[in-house]
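Chains, contacts and geometry: an overview
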Amino acid sequence: MTSSNDPQNVVDLQQRQFAAATSSDRLGDLLKLVRGISLKRINGLVGTLFENVDDALFDLAERAGSNAVQTEYFDGMREIRKKRQLVERLFQEHATKAFSDFAEGKLRSARPEVAPQSPSAGLSLVDDEELEESLAVTSMVAKAENRLARAMYQLNQRLSVIIGGGRVEDANNPIGPAALGQAFRTAVREFEVNVQVKLIVYKLFDRYVMGGIEPVYDEVNIELVRAGVLPQVRQVAAQGTRNPNPAAPPLRGAGGAAEIGDVAPSGGYYDPGAASELQVELYNTVRSLLANRRGSTDFVSAAGTGAPGAPGLNPTDLLSALTILQNQSMATRAQAESVTDAAQAVQQIKRELLEQVSKLSEDAKDRRVSSADEDTIDLVGMLFEYILQDRNLPAQVQAVLGRLQIPYLKVAILDKHLFAQKAHPARRLLDNLAEAGKGWSEESDRDHRLFDRIKAAVDIVLNDFDDDIGIFERELASFGAFMEQHHKRADLAEQRAAEATRGREKLQEARRTSAREILKRIENRNLPSVVHSVLSRPWANYLVLIQLRHGDKSDEWNNALRFADEFVWSAQPKTTESEHTRLRALLPQLEKALRHGLATVAYHDSDIRQLMQELAQFYRRLLDGQKVETRSAKEVIESNLAPPPASATANAATETDVAPTVTQSPVEEVVLSSGTTEPETPTEPLAEDDEFVRAVRELKVGAWIEFAGEDGNRERAKLSWISPISSKYLFVNRRGLKVCDKTVAALAVELRRGDAIVLEEVPLFDRALDAIVARLRSTHEETPAAKEEG
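Owing to the predicted nature of the structure, the values given are computational and were not obtained by experimental measurement.

Two numbers describe how helix α16 (residues 425-438) lies on helix α18 (residues 470-522): the axes approach to 8 Å, and their chain directions differ by 30 degrees. In terms of orientation, α16 lies roughly parallel with respect to α18. In this structure, α16 crosses over α18, and the sense of that crossing is left-handed. Between α16 and α18, the residues in contact are P425, A426, R428, L429, N432, L433 and A436 and F472, E473, E475, L476, F479 and M483, respectively.

Have a look at this one:
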């Protein structure tokens, strides 16, 4: 029997504690590394945001339509200057606390939500502001998560390893868009400004912080890879993110030895540390598939007649040949305005290039294109073939961008990292040109200002690019400055379109509520015509105005409804002395309240005097016990179809400045039409689980859709705003002008018919590479089967 004192049975508790502490320290150090890198960069982005607030608000103040609005913008500028440091400090504290909670496993989903309401609170101005803020934060978080899906997936996987395998998703990532958006929303509550100013601040947060966060994620991923945290991450479609090409299988790095042209994560032209691991995997996968295709088709290069072992062609000769082709074809390609012309040019480039190489020197005839350069030529060719078939781009934009094939082939030969670095300036320029062109249409660009600027960028590259890749960086900055100004003008128009639609919907909702309240009181009663007319016309309009100004929970609203109740009672026959006594005491109060209401809706004094005389005669007959003629509400309204006095048509449009002239009161609209006070609904409602209904509900603000008109013309429009009242979707064009608004059901029907098509949000280069991978995999799988059948 072994003694309990046997040294073999003794557990060294100090050694185990030391090992656990060392492991814990390492995990703590890694989280500190992530926190240090990310918060330093993010705080810098927030600083840039606040440095641009003054300019944005001042610009809006200069364009303000009234002194009151201008004053609000200037007051907002002063308030933000005064509390900027406080808000920045609070944001840093919330962001830091998110890391602490994350490390302790306490961080919950940071999805923004509307503040809870008490059961009796009802609708109020505060609720509306909370809703608008929530929608703004939700929208920018959704756009950022969709755009950054790949980088976020890698970061989530690595953070999961750091905390010991816990589940990390976009919603609980301490530096994810959701957490940052919620931290910023909490911090800016310190600003005592109106909701419009606050929405401008959110828009700047979206532009400068969410728009600049991707390099932060890349840097954090690279540092974690260097620390040995998941150097290889297998990409899979993450739940809740859009897969731009569902048919493409998961992307994996190509196996086998690296060949000339393979890219490693540590190198690059633009930023040695910016090539994401996923992009490198993707590019090497493409090269591996190209090599497989080359082997399976026994491809023989047209550039030489030598044996496969003949010397490779010097890349300098290739670049020289491309420069000659670029100069020769510049004028010809400028004429290629149609997609067909551009497609023919794309297909001819490889043959023209190889022919040009053979003309450069006798020596070149005996050489062959290296496999790496051949793959590059094919890959760029497939990229531009995709561009000319891309459903996201209008045909005119496809034709213009197709002219860039030769310059981009030169870039790919000069710098193999074009396909591996998302931050490469040439890649970003092409993505930005495509993104600008995605929303282009003849209707939205009648002066061709945007289209001409896209063409100008293409011409600059064609004319000026030889071998200095810096030209792409300069044109990227120049085009970016142009688009920033373009977006400023469009954002202002878009904001006005949303405000106009919001105003119209609030007016319609107020009119429905007003009609509902009046009809409760008169619908099933026979009353004198004069009483019906007062309640269904001026008093209904007065209720609309009261609801828009004060809300339906205010004392003013309750007093207006009390008048309606007492006015109805006063018009009914009086049989007892007590009723006569009460009526005589009530009449002065009714007259005072009625005069105030009529003046509020802009009745002229002469019209008020005439109405008061009619009512006085009516009440004299009523008190004298004479018989009074009564009629139903519908009879009175149908007999009163003539327009009211010009002064009586004033209604809540003066409150919103957006409503059209109204010739019928809210009650008349209901009685003379459907007889219901509820919004119209489709006669054949679609099921909630209908695939097209789901597709509509999944649309995020910022998504682009192409609509087909009845005349055959197609118009591209961006989802700008979703109404919290009617759930209608507001669409604007590239200039921010309203194109249409659609209900969920109407838009789902158009999607089903093919009259509306949702355009993809993934950048052009990413979509093209995914499509190329799917195409090459398909070809690779079909070739062995074809050989077996042969």
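Further remarks concern the pairing of strand β3 (residues 729-732). The side-chain alternation of β3 yields two buried faces, one formed by Y729 and F731 and the other by L730 and V732. Relative to β3, strand β2 (residues 714-722) is paired through four bridges, and the arrangement is antiparallel. When the bridges of β3 are listed, I722 appears paired with Y729. Bridge count for β3 against strand β4 (residues 738-742) is four bridges, and the pairing is antiparallel. The residue of β4 that forms the bridge with L730 is D741. If you look at the hairpin formed by β3 and β4, you'll find five residues sitting between the two strands, and G736 has a positive phi there, around 90 degrees.

This paragraph deals with helix α8 (residues 214-226). Residues spaced three or four apart along an α-helix face the same direction, because each turn holds 3.6 residues. The end-to-end C-alpha distance of α8, which contains 13 residues, comes to 19 Å, matching closely the 18 Å that a straight helix rising 1.5 Å per residue would cover. All buried positions along α8 are accounted for by E214, V216, Y217, D218, V220, N221, I222 and L224. In the stretch just after α8, G228 is the one whose phi turns positive, near 90 degrees.

Contact geometry for helix α13 (residues 371-387) and helix α15 (residues 405-414): axes closest at 10 Å, N-to-C directions at 145 degrees. For the pair α13 and α15, the sense of crossing is right-handed. Touching D373, T376, I377, V380, G381 and F384 of α13 are Q405, Y408, L409, A412 and I413, all from α15. Residue composition of the contact of α13 with α15, grouped by class: seven nonpolar, three polar and one charged.

This structure, assessed with the given rule, holds 39 salt bridges. A salt bridge links R207 to D491, with the shortest nitrogen-to-oxygen separation between them at 3.2 Å. Of this pair, R207 sits in helix α7 (residues 195-208) while D491 sits in helix α18, and the two are 284 residues apart along the sequence. Put simply, E494 and K718 hold a salt bridge, and the shortest N to O gap is 3.0 Å. One end of the pair, E494, is in helix α18; the other, K718, is in strand β2, with 224 residues separating them in the sequence.

Cut-offs used in this document
Residues numbered from 1 in each chain as written. Predicted model: local features only at pLDDT ≥ 70, side-chain atom pairs only at ≥ 80, totals over all residues. Heavy atoms only, no water. Axes fitted to C-alpha atoms, helices over the stretch in contact; angles between N-to-C directions. Helix = DSSP H or I, 4+ residues; strand = E, 2+ residues; numbered from the N terminus. Parallel < 35°, antiparallel > 145°, perpendicular 65-115°, else oblique. Left-handed = near helix turned anticlockwise from the far one by under 90°. Contact = heavy atoms within 4.5 Å. Buried < 20%, exposed > 50% of the residue type's maximum accessible area, 1.4 Å probe, protein only. Pairing = 2+ DSSP bridges. Expected span 1.5 Å × (residues − 1). Nonpolar A, V, L, I, M, F, W, Y, C, P; charged D, E, K, R; others polar. Salt bridge = Lys/Arg side-chain N within 4 Å of Asp/Glu carboxyl O.

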